[in-house]
Amino acid sequence: MKWVWFERTSASTAVPHSRSSPRVPRPDISARSCYDHAVMSSPQHYRQLSLPTGTETLQLQEAARHRRVTRALEDLFSRWGYDPAETAMVDYFDVYRRLLRDEDVKQMYRAVDRQGEILALRADTTLFLAKQLGLHLTAADLPVRVSYSDQIVRAEDRHDISNNEYQQAGIELVGVAGTDGDAEVLMLAAEALDALGLDDAVLHVGSHAVVTACAEAAGMSGDLLANAVRRRAFDGDDLVAVRSAGLADFLAFIGSPNAFRDAVATGTPPSVSSAASHLLSVLDTVMEILPDSWRDRIRVDLSELGAYHYYTGVAFGAYIPSSNAAVLRGGRYDRLLQAFGFDAPSVGFSLFTRKLPPTVLADHHDAAPPEHATGDDLTARVASARSLQAQGKRVYLS
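Being a predicted model, the structure only gives us computed values, none of them experimental.

Student: Quick question: what am I supposed to make of the overall build of the chain here?
Tutor: Summing up its helical and strand segments, the chain has 14 helices and 14 strands in all. A total of 398 residues make up the chain; the buried ones form 48% of that total. Looking at the chain alone, contacts between residues at least 24 apart form 68% of all its contacts between residues at least 6 apart. Of the roughly 20100 Å² of accessible surface on the chain, 51% is carried by carbon and sulfur atoms.

Written out as structure tokens, the structure is:
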């Protein structure tokens with residue numbers, strides 16, 4: 001989807017409106033700019049010239065920087081053998097409804113086509129890509145490595161812009177189970193952050209398997225406990241079993257892998273220890289293959305369970321000081337493709353390129369400024385321009 005306005009809007013600046021509000025006639029702007037003060041000063045006109053929540057545009061220089069960010073990530077993914085994939089911007093809503101929570105549905109823009117079918121605009125690349133892979137892959141194709149850079153459209157709270165995930169770049173690894181698959185994707189997540197110069201980024205790694213094992217040990221619902229772990233809130237009446245089992249402090253753990261190893265060894269039930277051993281195995285492998293600069297930047301955080309409920313194993317997020325939310329999220333979702341007819345282990349991540357600080361690759365220049373072609377008329381200037389372009393230069397015709 002291409003947006004034409006060279007402005008930027010966010011949920012915090014949008015003008016509230018109601019579906020029951022009368023339709024406002026379009027202003028006559030034939031004789032003036034849409035950015036004229038008289039136009040923008042009217043709330044009705046501002047509504048027409050602003051964008052819906054969950055969408056955004058880029059200014060010219062910002063768009064160029066964003067293109068550099070995307071290109072750097074695409075080059076990195078390509079070097080590791082990940083081939084580009086593209087998904088549809090619009091698909092049938094019913095295909096995904098059973099995989100969505102009510103809050104997910106509220107964030108998804110929907111429309112009705114001419115046949116009366118309800119359509120959904122892409123709000124999560126992983127879901128749309130899972131359908132595409134699930135319908136077309138066979139066991140002979142595995143393993144499959146794909147990358148993507150897609151725009152998503154997501155309607156969030158107008159007063160909360162923490163979910164500005166309007167552009168996602170990421171990878172999916174299908175067909176590699178266990179430690180090797182998890183470690184490969186975590187390594188690439190770290191390398192993606194390094195490629196963008198985010199030296200202060202920290203990876204928080206959790207595990208649905210560990211939380212599920214704790215829920216089973218306490219004899220309670222896994223979903224209930226997962227919600228409590230996400231909030232780091234264990235004082236509710238419905239969590240007495242967790243406190244009685246001595247697991248509340250363990251589930252609130254945030255710290256280094258070595259400190260987590262000590263916590264696991266301090267009286268956790270055997271099923272919890274078994275689940276935790278896989279997480280530790282993944283982190284040990286990642287520590288071996290990443291440079292020393294990551295030694296103190298990977299933390300076990302059991303509250304890191306991902307933004308979507310389809311994760312089944314390791315889940316992780318990357319945080320930087322300048323952002324109040326994760327700039328990268330990922331994890332393992334071994335049952336997601338099965339919903340579309342193909343059962344294969346899967347793990348991946350998405351980096352939200354619009355959450356990155358404006359300094360990322362801001363000083364990078366792809367090419368010298370364009371030169372001006374010379375000549376008295378257009379024909380001469382085109383000839384001059386082609387001569388300069390043959391030398392690898394960029395050219396203005398006038």
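Student: Would you explain the side chain of Ser-350 in this entry?
Tutor: If you trace the backbone, Ser-350 turns up in strand S12 (residues 346-352). Residue classification places Ser-350 among the buried positions, given a relative accessible area of 6%. For Ser-350, the side chain forms a polar contact with the side chain of Tyr-148, separated by 2.3 Å. Beyond its immediate sequence surroundings of up to four residues, Ser-350 is in contact with Thr-126, Tyr-148, Gln-168, Ala-169, Gly-170, Val-327, Leu-328 and Arg-329.

Student: Sorry if this is basic, but what is going on with the sheet that holds strand S10 (residues 314-319) here?
Tutor: Through backbone hydrogen bonds, the strands of a sheet pair up, either in parallel or in antiparallel fashion. If you walk across this open sheet you meet the 9 strands as S1-S5-S6-S12-S11-S10-S7-S9-S8, and the pairing is mixed. The sheet is open, and its two borders are formed by strand S1 (83-84) and strand S8 (254-255), each paired with just one other strand. Strand direction decides the pairing type here: S8 and strand S9 (residues 298-301), joined by 2 bridges, are antiparallel. Paired with Gly-255 across the bridge in S9 is Val-300. Here helix H8 (residues 208-218) sits on the sheet in contact with strand S7 (202-207) and S10, set at roughly 40 degrees to S7.

Student: Any chance you could explain the sheet that holds strand S3 (residues 110-112) here in plain terms?
Tutor: The sheet built from 3 strands is open, its strands ordered S2-S4-S3 with antiparallel pairing. With one partner strand each, in any of the chains shown, strand S2 (90-92) and S3 form the two edges of the open sheet. Adjacent strand axes in the sheet meet at a mean angle of 35 degrees when their direction is disregarded. One ladder, built from 3 bridges, connects S2 with strand S4 (residues 118-121); its direction is antiparallel.

Student: It is not clear to me how the pattern of salt bridges should be interpreted in this structure. Could you clarify?
Tutor: Pairing between side chains of opposite charge can happen when the charged atoms of each approach one another. Overall, the coordinates contain 12 salt bridges when judged by the stated rule. Between Asp-292 and Arg-295 there is a salt bridge; the shortest N-O distance is 3.3 Å. A residue is classified by how much of its surface remains accessible, and Arg-295, at 37% relative accessible area, is partly exposed. Within the structure, one salt-bridge network assembled from shared partners comprises Arg-101, Glu-103 and Asp-104.

Student: Sorry, what's going on with the nonpolar core here?
Tutor: One broad trend across soluble globular proteins is that nonpolar side chains are buried collectively. By size, the foremost hydrophobic cluster in this structure holds 70 residues, and its most contacted members are Leu-225, Val-242, Leu-251, Phe-260, Ile-298, Phe-316 and Phe-349. Beyond its immediate stretch of four places on either side in the chain, Leu-251 contacts Val-211, Cys-214, Leu-225, Val-229, Phe-234, Val-242 and Leu-302.

Student: Just checking my understanding: could you explain the packing of aromatic side chains for this structure?
Tutor: Describing an aromatic ring pair means giving the distance of the ring centres and the angle of the ring planes. Evaluation of the coordinates by the stated rule reveals 9 aromatic pairs. With centroids separated by 5.7 Å and ring planes inclined at 25 degrees, the aromatic side chains of Phe-250 and Phe-260 adopt a geometry described as stacked. With Phe-250 in helix H11 (residues 248-251) and Phe-260 in helix H12 (residues 257-265), this residue pair connects regions lying 10 residues apart in the sequence. Relative accessible area serves as the criterion here: at 7%, Phe-250 is assigned to the buried category. Judged by relative accessible area, Phe-260 falls into the buried class, the value being 0%. Seen from their ring centres, Tyr-308 and Tyr-310 are 5.4 Å apart, and the 0 degrees between their planes marks the pair as stacked. Across the pair, Tyr-310 and Tyr-308 agree in class, each one buried. Put simply, the rings of Tyr-308, Tyr-310, Tyr-311 and Tyr-333 touch in pairs and so form one group of aromatic residues. In this arrangement the basic side chain of Arg-98 is found over the ring face of Phe-340, its NZ or CZ atom lying 5.8 Å from the centre.

What counts, and at which threshold
- Residues numbered from 1 in each chain as written.
- Predicted model: local features only at pLDDT ≥ 70, side-chain atom pairs only at ≥ 80, totals over all residues.
- Heavy atoms only, no water.
- Helix = DSSP H or I, 4+ residues; strand = E, 2+ residues; numbered from the N terminus.
- Buried < 20%, exposed > 50% of the residue type's maximum accessible area, 1.4 Å probe, protein only.
- Contact = heavy atoms within 4.5 Å.
- Areas by Shrake-Rupley, 256 points an atom, 1.4 Å probe, with all protein chains shown as cover.
- Polar contact = N/O pair within 3.5 Å; in protein donor to acceptor, adjacent residues only side chain to side chain.
- Pairing = 2+ DSSP bridges.
- Axes fitted to C-alpha atoms, helices over the stretch in contact; angles between N-to-C directions.
- Salt bridge = Lys/Arg side-chain N within 4 Å of Asp/Glu carboxyl O.
- Core = buried A, V, L, I, M, F, W, Y, C linked by side-chain atoms within 4.5 Å.
- Phe/Tyr/Trp six-rings, centres within 6.5 Å; stacked < 30°, edge-to-face > 60°.
- Lys NZ or Arg CZ within 6 Å of the ring centre and 35° of its normal.

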